[in-house]
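Geometric and topological summary
Spelled out, the chains give:
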Protein chains: 2
Amino acid sequence: MNTNFNIENFIYTFSCDCNKAQKKTFSKNQVITTYIQKRNQLCILLSGNADLVRYDLNGNRTIVEHFSKNAIFGEVFYKVTTNNELLVEARSNCTVLFYTYDQLKKPCTKGCEFHKILAEHLPELILNKITDLNTRIELLTQRSTRDKLLMYFSLISTRKLSKTFELPLSLTDLADYLNVDRSAMMRELKLLKEDKLVDKIGNRIILLYE
Amino acid sequence: MNTNFNIENFIYTFSCDCNKAQKKTFSKNQVITTYIQKRNQLCILLSGNADLVRYDLNGNRTIVEHFSKNAIFGEVFYKVTTNNELLVEARSNCTVLFYTYDQLKKPCTKGCEFHKILAEHLPELILNKITDLNTRIELLTQRSTRDKLLMYFSLISTRKLSKTFELPLSLTDLADYLNVDRSAMMRELKLLKEDKLVDKIGNRIILLYE
DNA sequence: TTTTTTCTGTTGCATAAGTCACATATTATG
DNA sequence: CATAATATGTGACTTATGCAACAGAAAAAA
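So, here's what we can say about the structure. For clarity, every value in this text was computed on a predicted model and none was experimentally measured.

What about the protein's contact with DNA strand D?
Taken together, 17 residues lie around DNA strand D, and Thr 145, Asp 181 and Arg 187 of chain A together with Thr 172 and Lys 190 of chain B are the ones closest in. In the environment of DNA strand D, a phosphate oxygen lies 3.1 Å from a nitrogen or oxygen atom belonging to the backbone of Leu 171 of chain B. Lys 200 of chain B is positioned with one of its side-chain polar atoms (N or O) 3.2 Å from a phosphate oxygen of DNA strand D. For the surface near DNA strand D, the elements supplying multiple residues, two or more each, are helix 6 (182-194) of chain A together with helix 5 (171-178) and helix 6 (182-194) of chain B. Grouping the amino acids of the surface near DNA strand D by side-chain chemistry returns four nonpolar, seven polar and six charged.

Structure representation (structure tokens):
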């Protein structure tokens, strides 16, 4: 999903005269930013994991996107105007770079190394984001809870190169990510076990098919 | 959703020595391309409308994305490997530019105008794509068929700046786009009419709330 | 440690949404 | 124009999923 290029190392190495970007750290469960459609904010996640979470008027919670190292996110990408609350929440301790789109758009007048390297790698980061979003859509357009679970497991499985893996999410979060009711998801999980398609020991998933 | 910049005009104006891009035209319902994960294809829709459509093993059809003028699409953005068939189908007559990602990535050695302008505007096109995808996810994560319909109508309404508008899709396609069963969607549409939230005369939708 | 909070696992019940089937309307096509 | 093909609209029935509620396990906090 993510590039091997390590922006963080580079950030630590180089300093940039013209750089208006802010670097901040967050601890688990802190709110990194809210989407309020004005600042054209663009962020890069240097380390840690975070989620874009939506709370709707009925109190429903949806994990809209999940971000890991090198993910880009922020208001620039989000023109949807509903009344819902959109927060980026840290899942673990995080380091985040804050830009505005304008800062990134125009080339650095001072010709500094920092901007050069960032501009060079931004297209790749963006490309990764698009494939992530497409994968997300693929997941959400699965017809049933069962299909969503199976596809999610399959994605993690290929990422980890193993039919056995730890769930990177709590089951509560997984339900919010797959956009299904938690108890309904638990029921389906049980049925998958009964059908000998999937086994689950604690946090560990074992795919039994193929 | 899309930029005001008109690539097509520009394409007709400039020619490019180094340009390996192919420009092709398609008539309604023709298949523009299939996603087969090898060629790193990247396409720009110069004119017309097209859909990325998925046919799954149960014969279900899903409209994954809808593309209009200046939309970019192609395999580069799509790393999902399911057994499903992924086709881009022309909804109307279309003109499409075909690139590979490699062609776009490296700067033109001949320094021609064509590449310069394209490179200049590509970030904006990509940004638009990301907001489109985020909107798509927002739509798909609506809880109920009713909510999906209401959000879809609201999107078109803001785009058209009017509470009255023609549906740009057939109802059959709309169901495939919202990822719901067609007859269930029809039922919900009837309920929305009964609840005096939405009216529908033929192809025309009238939003009655607010 | 103890206490509190969050997460997991499960149930009964209600209901939204899918399935199938068909009639009519509308749009393509020979 | 006639005929085929596709889209719309609706109803009866089934099923999947959501909802509410609770108990025990695990994790976090005091």
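Focus: the environment of Gln 41 of chain B
All names here are of chain B. Here Gln 41 shows up in strand 3 (residues 41-47). When its relative accessible area of 12% is taken as the criterion, Gln 41 is described as buried. With 57 residues separating them in the primary sequence, Gln 41 and Phe 98 have C-alpha atoms 7.0 Å apart.

What about the relation of the copies chain A and chain B?
The two copies are related by a screw motion: chain A maps onto chain B through a turn of 180° and a shift of 0.0 Å along the axis, at an RMSD of 0.0 Å. What the rotation and shift describe, once combined, is the action of a two-fold rotation axis. Looking at the interface residues of chain A, 100% of them are also at the interface in chain B, so both copies use one shared face.

Some remarks on unusual backbone geometry
Residue and element names in this part refer to chain B. Positive phi, close to 55°, is recorded for Asn 40, a residue that is not glycine. Take Asn 40: it is sitting in the loop between strand 2 (31-34) and strand 3. The class of Asn 40 is partly exposed, set by a relative accessible area of 30%. Unusually for a residue other than glycine, Leu 161 sits at a positive phi of about 55°. With respect to the helices, strands and loops of the structure, Leu 161 is situated in the loop between helix 4 (145-160) and strand 9 (164-166).

Considerations on helix 5 (residues 171-178) of chain A
All names here are of chain A. Most of helix 5 sits out of view: seven of its eight residues are buried. When helix 5 is considered as a whole, its buried residues turn out to be Leu 171, Asp 173, Leu 174, Ala 175, Asp 176, Tyr 177 and Leu 178. The positive-phi residue at the C-terminal boundary of helix 5 is Asn 179, with phi of around 65°.

A short note on the interface of chain A and chain B
Listed as interface residues are 32 residues of chain A and, on the opposing side, 32 residues of chain B. Both sides together, the interface formed by chain A and chain B hides about 3200 Å², and carbon and sulfur atoms give 61% of it. Where chain A meets chain B, there are two salt bridges. Of the charged contacts in the structure, one is a salt bridge between Arg 54 of chain B and Glu 138 of chain A, with a shortest N-O distance of 3.1 Å. Inspection of the chain A/chain B interface yields 14 residue pairs in polar contact (both at pLDDT 80 or more). When contributions to the side of chain A that touches chain B are tallied by element, the ones reaching two or more residues are strand 5 (61-67) and helix 3 (113-140) of chain A. A total of 13 residues in the side of chain A that touches chain B trace back to one element, the largest contributor, which is helix 3 of chain A.

Section: the pattern of salt bridges
Counting across every chain of the model gives 20 salt bridges over all chains. A salt bridge links Glu 89 of chain A to Arg 91 of chain A; the nearest nitrogen and oxygen atoms lie 3.0 Å apart. Like Arg 91 of chain A, Glu 89 of chain A is buried. Between Glu 188 of chain B and Arg 146 of chain B there is a salt bridge, with its nearest N and O atoms 2.9 Å apart. In this pair, Glu 188 of chain B sits in helix 6 while Arg 146 of chain B sits in helix 4, placing the two residues 42 residues apart along the sequence. With relative accessibility at 15%, the residue Glu 188 of chain B sits in the buried group.

Observations regarding the side chain of Ser 157 of chain B
Residue and element names in this part refer to chain B. Along the polypeptide, Ser 157 turns up in helix 4. In terms of polar contacts, Ser 157 uses its side chain to reach the backbone carbonyl oxygen of Ser 162, at 2.9 Å. Apart from the residues lying within four places of it in its own chain, the contact partners of Ser 157 are Ser 162, Lys 163, Phe 165 and Leu 207.

Examining the sheet that holds strand 9 of chain B
Residues and elements named next belong to chain B. Spatial ordering of the open sheet is given by 9-11-10, a layout of three strands whose pairing is antiparallel. Only two strands of the sheet have a single partner each, and these edge strands are strand 9 and strand 10 (198-201). The sheet shows a mean angle of 20° between the axes of neighbouring strands, direction not considered. Contacts from helix 4 reach strand 9, strand 10 and strand 11 (204-207), with the element oriented near 100° to strand 9.

Analysis parameters
- Residues numbered from 1 in each chain as written.
- Chains lettered and ligands numbered in written order.
- Predicted model: local features only at pLDDT ≥ 70, side-chain atom pairs only at ≥ 80, totals over all residues.
- Heavy atoms only, no water.
- Near = heavy atom within 4 Å.
- Polar contact = N/O pair within 3.5 Å; in protein donor to acceptor, adjacent residues only side chain to side chain.
- Helix = DSSP H or I, 4+ residues; strand = E, 2+ residues; numbered from the N terminus.
- Nonpolar A, V, L, I, M, F, W, Y, C, P; charged D, E, K, R; others polar.
- Buried < 20%, exposed > 50% of the residue type's maximum accessible area, 1.4 Å probe, protein only.
- Least-squares fit on C-alpha atoms with pLDDT ≥ 70 in both.
- Contact = heavy atoms within 4.5 Å.
- Buried area = accessible area lost by both parts, 1.4 Å probe.
- Salt bridge = Lys/Arg side-chain N within 4 Å of Asp/Glu carboxyl O.
- Pairing = 2+ DSSP bridges.
- Axes fitted to C-alpha atoms, helices over the stretch in contact; angles between N-to-C directions.

It is worth stressing that arrangement in space is one thing and function is another; only the former is reported here.
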